[in-house]
Amino acid sequence: MTNTYASYLGLERLLSAQTLQTSSDDELLFIIIHQQHELWFKLAIHELDCATNSLMKEGAQEADCIIAFKRLSRVSAIQHILISTWDVLATLTPDEFILFRETVGRDGASGFQSVQYRMLEFKLGLKYRSIVFELPGGEAKTVDLFESVHTETERQALRAALAAPGIYDAVIRYMAKTLPMFGIEDHGSGDYSSQYQKSAAVFRAWGHVYRNRMGAPELYQLGEKLIDLEDAFRKWRFAHLATVSRVIGSNPGTGGSSGLRYLRQVANQLFENPMYPELWDVRSEMFSRPKEFDLTGAGYGPERPGPRTARVADSG
Ligand code: HEM
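What counts as what
- Per-chain numbering applies: the sequence of each chain, read as written, is numbered from 1 onward.
- Local features in this predicted model are restricted to residues of pLDDT 70 or higher, and side-chain atom pairs are both shown and tallied only at a pLDDT of 80 or more, whereas totals for entire chains, interfaces and linings draw on every residue.
- Note that water and hydrogens are dropped before the side-chain values are worked out from all heavy atoms of the structure.
- Think of it this way: any DSSP run of H or I at least four residues long counts as a helix, any run of E at least two long counts as a strand, and we number them from the N terminus.
- The globule rule used here is 2.2 Å times the number of residues to the 0.38 power, and the radius of gyration it is set against is calculated over C-alpha atoms.
- Remark: exposure states derive from per-residue accessible area (1.4 Å probe, protein chains only) relative to the maximum for the residue type, with buried under 20%, exposed over 50%, and partly exposed in between.
- It only takes one pair of heavy atoms within 4.5 Å for two residues to be counted as in contact.
- Accessible surface area values rest on a Shrake-Rupley calculation with a 1.4 Å probe, where residue burial reflects the displayed protein chains alone.
- When charges are counted, Lys and Arg are positive and Asp and Glu negative, with His and the chain ends excluded.
- Charge positions come from single atoms, namely NZ of Lys, CZ of Arg, CG of Asp or CD of Glu.
- The definition of a nonpolar core used throughout is a set of buried Ala, Val, Leu, Ile, Met, Phe, Trp, Tyr and Cys residues joined through side-chain atoms within 4.5 Å.
- The arc under discussion is defined with respect to the helix axis, by the directions toward the C-beta atoms.
- To obtain each axis, a line is fitted to C-alpha atoms, and for helices this fit is confined to the stretch in contact; angles are then taken between N-to-C directions over 0 to 180 degrees.
- Roughly parallel covers angles under 35 degrees, roughly antiparallel covers those over 145, roughly perpendicular covers 65 to 115, and oblique covers all other angles.
- Working rule for handedness: look at the near helix, and if it is turned counterclockwise from the far one by less than a right angle, call the crossing left-handed; if clockwise, right-handed.
- All residues other than Ala, Val, Leu, Ile, Met, Phe, Trp, Tyr, Cys, Pro, Asp, Glu, Lys and Arg, Gly among them, are scored as polar; the first ten of these are nonpolar and the last four charged.
- Only Phe, Tyr and Trp rings are paired, with Trp represented by its six-membered ring, and only when their centres lie within 6.5 Å; those with planes under 30 degrees apart are stacked, over 60 edge-to-face, the remainder tilted.
- The working definition used for a salt bridge is a side-chain nitrogen of Lys or Arg within 4 Å of a carboxyl oxygen of Asp or Glu.

(A) How the structure looks around the overall build of the protein chain. Each helix and strand in the protein chain was counted, giving 13 helices and three strands. In terms of overall dimensions, the protein chain is globule-like: its C-alpha atoms have a radius of gyration of 21 Å, near the 20 Å expected for 316 residues. Taken over the C-alpha atoms alone, the protein chain extends approximately 65 × 60 × 35 Å along its principal axes. Buried residues in the protein chain amount to 45% of all 316 residues. In the protein chain, of all internal contacts separated by at least 6 residues, the share reaching a separation of at least 24 is 75%. If you sum the accessible surface of the protein chain, you get close to 16,300 Å²; carbon and sulfur atoms cover 55% of it. Where the 34 positive side-chain charges of the protein chain centre and where its 39 negative ones centre are 3 Å apart.

(B) Representation of the nonpolar core within the structure. Core analysis: the biggest nonpolar cluster contains 84 residues, and L55, I167, Y168, W206, L219, L226 and Y276 have the highest contact counts within it. The element contributing the most residues to this core is helix 11 (residues 217-248), with 14 residues.

(C) Representation of the side chain of D169 within the structure. By secondary structure assignment, the location of D169 is in helix 9 (residues 167-178). For D169, the residues in contact, after removing those within four places along its chain, are Y192 and Y196.

(D) Looking closely at helix 5 (residues 94-104). Among all positions of helix 5, only F97, F100 and R101 are buried. Down the axis, helix 5 shows its buried residues gathered within 125° of arc, on one side only. Those residues of helix 5 that are exposed and aimed more than 90 degrees away from the buried face are D95, L99 and E102. Buried positions along helix 5 lie against helix 3 (27-56) and helix 11.

(E) Seen up close, the packing of helix 3 against helix 9. Their axes nearest at 8 Å, the elements helix 3 and helix 9 cross at an angle of 20°. In terms of orientation, helix 3 and helix 9 fall into the roughly parallel class. For the pair helix 3 and helix 9, the sense of crossing is left-handed. Residues L48, A51, T52, L55 and M56 of helix 3 touch helix 9, and the partners they reach there are I167, A170, V171, R173 and Y174. Residues belonging to the contact of helix 3 with helix 9 are distributed by class as follows: eight nonpolar, one polar and one charged.

(F) Broad picture of unusual backbone geometry. Phi at D107 is positive, roughly 60°, even though this residue is not glycine. For D107, the position within the fold is in the loop between helix 5 and helix 6 (115-124).

(G) Representation of the environment of M119 in the model. Position of M119 relative to the elements: it lies in helix 6. When the C-alpha atoms of M119 and V143 are compared, they prove to be 16 Å apart, with 24 residues separating the residues in sequence. Apart from residues no more than four positions distant in its own chain, M119 is found in contact with I45, A157, L158 and A161.

(H) Quick peek at the packing of helix 6 against helix 8 (residues 152-163). The geometry of helix 6 relative to helix 8 is characterised by a closest axis approach of 9 Å and an angle of 10° between their N-to-C directions. With respect to their mutual orientation, helix 6 and helix 8 come out roughly parallel. Here helix 6 and helix 8 pass one another in a crossing that is left-handed. Residues V115, R118, M119, F122 and K123 of helix 6 form the contact with helix 8, whose own contacting residues are E154, A157, L158, A161 and L162. When grouped by side-chain class, the residues that make up the contact of helix 6 with helix 8 number seven nonpolar, no polar and three charged.

(I) Expanded view of the packing of aromatic side chains. Per the stated rule, a full pass over the model turns up 16 aromatic pairs. Judged by centre distance (5.4 Å) and plane angle (65°), the rings of F30 and F100 are edge-to-face. Taken as a pair, F30 in helix 3 and F100 in helix 5 lie far apart in primary sequence, 70 residues in all. Accessibility assignment for this pair places F30 and F100 in one class, buried. Both rings, one in Y210 and one in Y220, keep their centres 5.1 Å apart while their planes meet at 70°; by these two values the pair is edge-to-face. Here the residue Y210 occupies a position in helix 10 (residues 200-211), and Y220 occupies one in helix 11, the gap between them amounting to ten residues. Accessibility expressed as a relative area gives 5% for Y210, which makes it buried.

(J) Main features of the pattern of salt bridges. Within the structure shown, the criterion is met by 14 salt bridges. Two residues, K57 and D64, come together in a salt bridge whose shortest N-O distance is 2.6 Å. What makes K57 partly exposed here is its relative accessible area of 41%. For D64, a relative accessible area of 8% translates into the label buried. The residue R237 makes a salt bridge to E121 at a minimum N-O spacing of 2.6 Å. With R237 in helix 11 and E121 in helix 6, this residue pair connects regions lying 116 residues apart in the sequence. Taking the relative accessible area as the measure of exposure, R237 reaches 4% and is therefore buried. Of the residues examined, E121 reaches a relative accessible area of 0% and is grouped as buried.

If you want it as structure tokens, here you go:
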């Protein structure tokens, strides 16, 4: 077959993958916004894998950090595209949406079922197996992610992403080797399915990196890049929340949750339990004690993590 623009990009398949289920003129927008999210999720997952692998490899050096940094910059750029696409979806008004929502959302179809979104969260460092949310009546419901997926392939992909190191695990591993004087413990087990717990040693090491920027510039840059990622992820969640608010108000979601209340809880969660906790704690220290911020780690330990509101990390 001749290689053409269309054949190389699989355009025939791509452009015929928008199957409308109603006669609404607004359904195409809805499908395309979701599809482009899934495409960008795919690339972001790939880039995160590349960044993680370059830092996890035996004998990783500064050059590998630079590669990781570049990959993560690409993820940041993707996140900014995704945040801005909410402006396009926000042009959908409630009376337009209602004409196709019941049809396309029947059987519980919802972004809630996006496997790639869960994988992206795992790669970024949020690890959980089930989600607890409130039903519209106020009752709590627990959804096991592995039971709720629809194919074995999806289940395997999800399982592999859960067990694999996230980007923060990889950065900390590199940090442990580069800054051995802080005594950062090696994860060792090779199974990264549990939610990362913050540590005083990592906090002290980040404090050192931020106070001595020229001492470990590659780690300083990686630290700031991780902050970019988490900051953008927070913004995506809030942009989703804001769009949902203007399109369906406080009505329940098609995925069965209370809707806005659930999404608000999830959006706030990253402030209560950040993905990269020590990096945020170092920022608090820098601001409150800019000249000599406290690196003793005093008061730093398991007593400080906040409550987990919607995600359950350690069942099953
Ligand atoms: C008019 C457009 C949208 C509305 C009204 C909407 C509404 C909702 C609601 C109410 C939920 C909570 C779960 C549920 O009960 O269904 C949810 C979850 C979710 N939605 Fe949307 N959504 C919209 C667009 C999108 C788009 C474009 C994406 C992109 C992939 C998306 C991705 C997600 C994801 C990943 C979740 C799960 C969030 C989590 O559990 O943390 N949504 N959505």
